[in-house]
Amino acid sequence: MKDLSPQEVLDTALRNAEALFGGVTLKYAVVIGVFVGTTLALAWIAWRLHYVKRSAPGPMNFLRFLFPRSVYLHRSTWVDIQLIVINQLFSPLTLSLTALGTGVIASATSEGLGRILPGHDPSFSWGLWSLLLFTLALALVSDLATYVVHRLYHTIPALWEIHKVHHSAEVMSPLTIFRIHPLYDLAARALKALLMGPLQGLVFFAWAGPVDAMTAFGANLVFAVFHMFGAGLRHSHVWLSYGPWLERVFISPAQHQIHHSVARKHWDKNFGQIFALWDWVFGSLYVPKGYEELKFGITGDPSVNFSGVAGGLVRPVVNGWLVATGRRRGARPTRAWRRRQERENAPPQSLPAEE
Ligand SMILES: [Zn+2]
Ligand SMILES: [Zn+2]
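Within each chain, residue numbers correspond to sequence positions counted from 1 in written order. Labels follow written order: the first chain is A, the first ligand is 1, and so on. A pLDDT threshold of at least 70 governs which residues receive local features in this predicted model, and a stricter bar of 80 or more applies before side-chain atom pairs are shown or counted, although totals over entire chains, interfaces and linings include all residues.

A. Expanded view of the overall build of the chain. By the criteria applied, helices consist of DSSP H or I runs no shorter than four residues and strands consist of E runs no shorter than two, each listed in order from the N terminus. Helix and strand counts for the chain come out as 13 helices and 2 strands. Split into buried and exposed, the 355 residues of the chain put 30% on the buried side. A residue pair is marked as a contact if its C-beta atoms, positioned from the backbone, fall within 7 Å. Taking the contacts inside the chain whose residues are at least 6 apart along the sequence as the reference set, 73% of them involve residues at least 24 apart. Burial is judged by counting other C-beta atoms within 10 Å of a residue's own C-beta: 20 or more means buried, 12 or fewer means exposed, and anything between counts as partly exposed, with every C-beta placed from the backbone.

Right, dumping it as structure tokens:
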């Protein structure tokens, strides 16, 4: 057999990898490398700050800290994996429907504006700052849509039955981000299309041409930066706080973990994804004062079992329907249930009440 040069070996390996993974290119490898690298660096900082004992900071200990058996072998992680598979079946439909929706709304907006203002001169040259502002505006509007959908799913009892799938995670790993009901994904993307479509149409009309947001690694610049600042740790056991000042601007991984906490004082806080702005404006921002020990999941609802197609896909819809039609009482968001919880969890009279 002919000897291959190192270059030929590398080329063959890359070709095989591309054939195997269907279009995985070096570009994506670099993107993934950057995101994984920054996530690991931030996890290491968090580990040194909050977890490691001074005597045991070795690399193996760090690895054991990153991948604890108590998380990855937990039955909750197994449910995450099942929901990932279920969502894979629905995502092509959801993605194509919402992309189509955004396009239709954008062109309708642009055409409508053209009829109202027929003499508009669309000459505008995009510079660095105008592009940067546009990119930021897109990210802010997209984040507002995420915020609104998320908050509705917490506030309306029937919708909470659907969102409970995500909150039922008792341990969190980066897989938990995909632990959502397909209907939640569809609603979030549909509202995003409703808000982003007019914005894109307006930009298209005002400046005559599709304007691309600034991108880094092929993603909207803001989202790329978001992923470089530990977004992968939002669903994990690693407490990464940005500090009280920055957490009023951006939602840190620790703040999203607080959103998943079973503690009453953490309920319905930090709905945002990237920016803390919407939580701040609508009064749901929670900025931790320091490290907090958290327990994840839903308390007080014994009927939670979201494994398999029946549990993860069908049961939330049936429960949502029963709640919507008044045949079942919604669990967490109803005031009566909260009052009962507060009564049951109230400290004895002789002790000072918790804040
Ligand atoms: Zn939530
Ligand atoms: Zn979450």
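B. Up close: unusual backbone geometry. Although it is not a glycine, Asp-268 sits at a positive phi angle of roughly 55 degrees. A count of 13 C-beta atoms within 10 Å places Asp-268 in the partly exposed class. We note that Asn-270 has phi near 55 degrees; this positive angle belongs to a residue other than glycine. Structurally, Asn-270 can be placed in the loop between α10 (253–259) and α11 (277–281).

C. The UniProt feature "transmembrane region" (unreviewed entry) in the chain, seen in detail. UniProt positions are given in the numbering used here, feature names are shortened, and annotations may be inferred rather than shown by experiment. If you check UniProt for "transmembrane region" (unreviewed entry), the listed places come out as residues 28–47, 83–106, 126–149 and 213–233 in our numbering. Taken end to end, residues 83–106 has its terminal C-alpha atoms 32 Å apart, with 100% of it in helix and 0% in strand. Along residues 126–149 one finds 92% helix and 0% strand; the C-alpha atoms at either end are 32 Å apart.

D. Structural detail: helix α5 (residues 75–116). By this rule, a helix spans an expected 1.5 Å times one less than how many residues it contains. If you check α5, its first and last C-alpha atoms are 58 Å apart, about what 42 residues at 1.5 Å a residue would give, namely 62 Å. Among the residues of α5, those classed as buried are Ser-76, Thr-77, Val-79, Asp-80, Leu-83, Ile-86, Thr-98, Thr-102 and Ala-106. Tucked into the core, α5 has its buried residues touching α4 (69–72), α7 (157–167), α8 (182–207) and α12 (308–324).

E. α8, seen in detail. With 26 residues, α8 should reach 38 Å at 1.5 Å per residue; the first-to-last C-alpha distance of 36 Å fits that figure. Taken together, the buried positions of α8 are occupied by Pro-182, Ala-188, Arg-189, Lys-192, Ala-193, Met-196, Gly-197, Gln-200, Gly-201, Val-203, Phe-204 and Phe-205. In this structure, the buried residues of α8 make contact with α5 and α6 (128–155).

F. Up close: the packing of α5 against α8. Packing of α5 against α8 leaves a shortest axis separation of 7 Å and a crossing angle of 25 degrees. The orientation of α5 with respect to α8, classified from their angle, is roughly parallel. Judged by the sense of rotation from one axis to the other, the crossing of α5 with α8 is right-handed. Charged residues are taken to be Asp, Glu, Lys and Arg, nonpolar residues to be Ala, Val, Leu, Ile, Met, Phe, Trp, Tyr, Cys and Pro, and polar residues to be all remaining types, Gly included. Class assignment for the residues of the contact of α5 with α8 results in 16 nonpolar, 12 polar and 3 charged. Axes here mean lines fitted to C-alpha atoms, for a helix over just the part in contact, with angles spanning 0 to 180 degrees between N-to-C directions. These descriptions rest on fixed angle ranges, namely under 35 degrees for roughly parallel, over 145 for roughly antiparallel, 65 to 115 for roughly perpendicular, and the rest for oblique. Crossings are assigned a handedness: left-handed for a near helix turned anticlockwise from the far helix by less than a right angle, right-handed for a clockwise turn.

G. Spatial organisation of the confidence of the model for the chain. Along the chain, pLDDT gives the predictor's confidence residue by residue, from 0 to 100. In the predicted model, the chain carries a mean pLDDT of 81, and the fraction of residues at 70 or more is 79%. Element-level pLDDT for the chain is lowest in helix α13 (residues 335–345), with a mean of 56, against a maximum mean of 97 in α10. A low-confidence stretch, residues 348–355 stays under pLDDT 50, and its non-local contacts, those more than four residues away or across chains, total 2 contacts.

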